[in-house]
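Remarks on the overall topology
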Amino acid sequence: MALRELSSLEKYLGQKKANKYSTQGDKKVPVLQNNNGPPLVGLVTIACHLAKEAKRPELLGDTAESRAVVQQWLEYRVTKLDICTKEDIKTVLKDLNLYLQDKVYLAGNQFTLADVFMYYGIHPVIVDLAIQDREQYVNVTRWFDHIQRYPGVRHHLPPVAVLRNRIYTSRHH
């Protein structure tokens, strides 16, 4: 899955030549064979490298604080989301829903790599949720739908239908 995500990121970044990837270990950790030096290992390391190579530093955050938040979410994706069990997913969704309560993107008001890779990581979870369950996590669902519609992000993933709920009932009009 990580290799498809990196390939999609390359397409989003508009990179013309495809990089050479392999995996290592039982967990199939991605490895980028780098012509300029030693291979780069790990989804987060490679994704950050690709953003820098494409001269898109804003995807890594535009302030020290936002860069730290982006790194935090990228690490969260790899160390928490990617290894959580079916039982743990409700806790992850609940925490993410609370975090996104007053945010458009994971790093505040700017689209970053954190949004891309959390979207890729949470896609299979959202696909498996019943519509009623998606409504429980309204902030996650809102964010997810926004990211899946972001130009050039979805590539290898099928779109997920998200129902729109009315904010106000007719008596409030």
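Now for a description of the structure that goes with this document. In this text the structure is predicted, and so the values were computed from the model without any measurement.

1. Section: the packing of aromatic side chains
Summed over all chains, the structure comprises eight aromatic pairs. Ring plane angle 70° and centroid distance 5.1 Å describe the contact between W73 and Y76, whose orientation is recorded as edge-to-face. Remark: Y76 and W73 occur in helix α3 (residues 64-79); sequence separation between them is three residues, near one turn of the helix. Between F111 and Y150, the aromatic rings sit 3.7 Å apart at their centres with planes inclined by 10°, giving stacked as the arrangement. Of this pair, F111 sits in the loop between α4 (89-99) and α5 (113-128) while Y150 is found in the segment after α7 (138-148), placing the two residues 39 residues apart along the sequence.

2. Observations regarding the pattern of salt bridges
This model, assessed by the stated rule, comprises six salt bridges. When salt bridges that share partners are traced, they join E5, R77 and D82 into one network.

3. So, the packing of α4 against α7
Where α4 contacts α7, the axes come no closer than 7 Å and their chain directions differ by 75°. Between α4 and α7, the angle is such that the two are roughly perpendicular. Note on element contacts: α7 touches α4 through V138, N139 and V140, opposite L93, L96 and N97. By residue class, the composition of the contact of α4 with α7 is four nonpolar, two polar and no charged.

4. Quick notes on α5
Each full turn of the α-helix corresponds to 3.6 residues, which orients residues three or four apart in the same direction. Look at α5: 24 Å from first C-alpha to last across 16 residues, which is about the 22 Å you get at 1.5 Å a residue. Along α5, the sharpest change in direction is near 45° and occurs at I122; proline P124 comes one to four residues later. Most of α5 is tucked away, with 13 of its 16 residues classed as buried.

5. What about the pairing of strand β2 (residues 29-32)?
Where strand β1 (residues 21-24) lies against β2, four bridges are found, and the strand directions are antiparallel. Residue pairing in the sheet places Q24 in a bridge with V29 of β2. Two strands pair when backbone bridges link them, and β2 and strand β3 (residues 40-41) are joined in this way by two bridges, in the antiparallel orientation. Bridge assignment links L32 to a residue of β3, and that residue is L40.

Rules used throughout
Residues numbered from 1 in each chain as written. Predicted model: local features only at pLDDT ≥ 70, side-chain atom pairs only at ≥ 80, totals over all residues. Heavy atoms only, no water. Phe/Tyr/Trp six-rings, centres within 6.5 Å; stacked < 30°, edge-to-face > 60°. Helix = DSSP H or I, 4+ residues; strand = E, 2+ residues; numbered from the N terminus. Salt bridge = Lys/Arg side-chain N within 4 Å of Asp/Glu carboxyl O. Axes fitted to C-alpha atoms, helices over the stretch in contact; angles between N-to-C directions. Parallel < 35°, antiparallel > 145°, perpendicular 65-115°, else oblique. Contact = heavy atoms within 4.5 Å. Nonpolar A, V, L, I, M, F, W, Y, C, P; charged D, E, K, R; others polar. Expected span 1.5 Å × (residues − 1). Bend = angle between axes of the 7 residues up to and from the residue. Buried < 20%, exposed > 50% of the residue type's maximum accessible area, 1.4 Å probe, protein only. Pairing = 2+ DSSP bridges.

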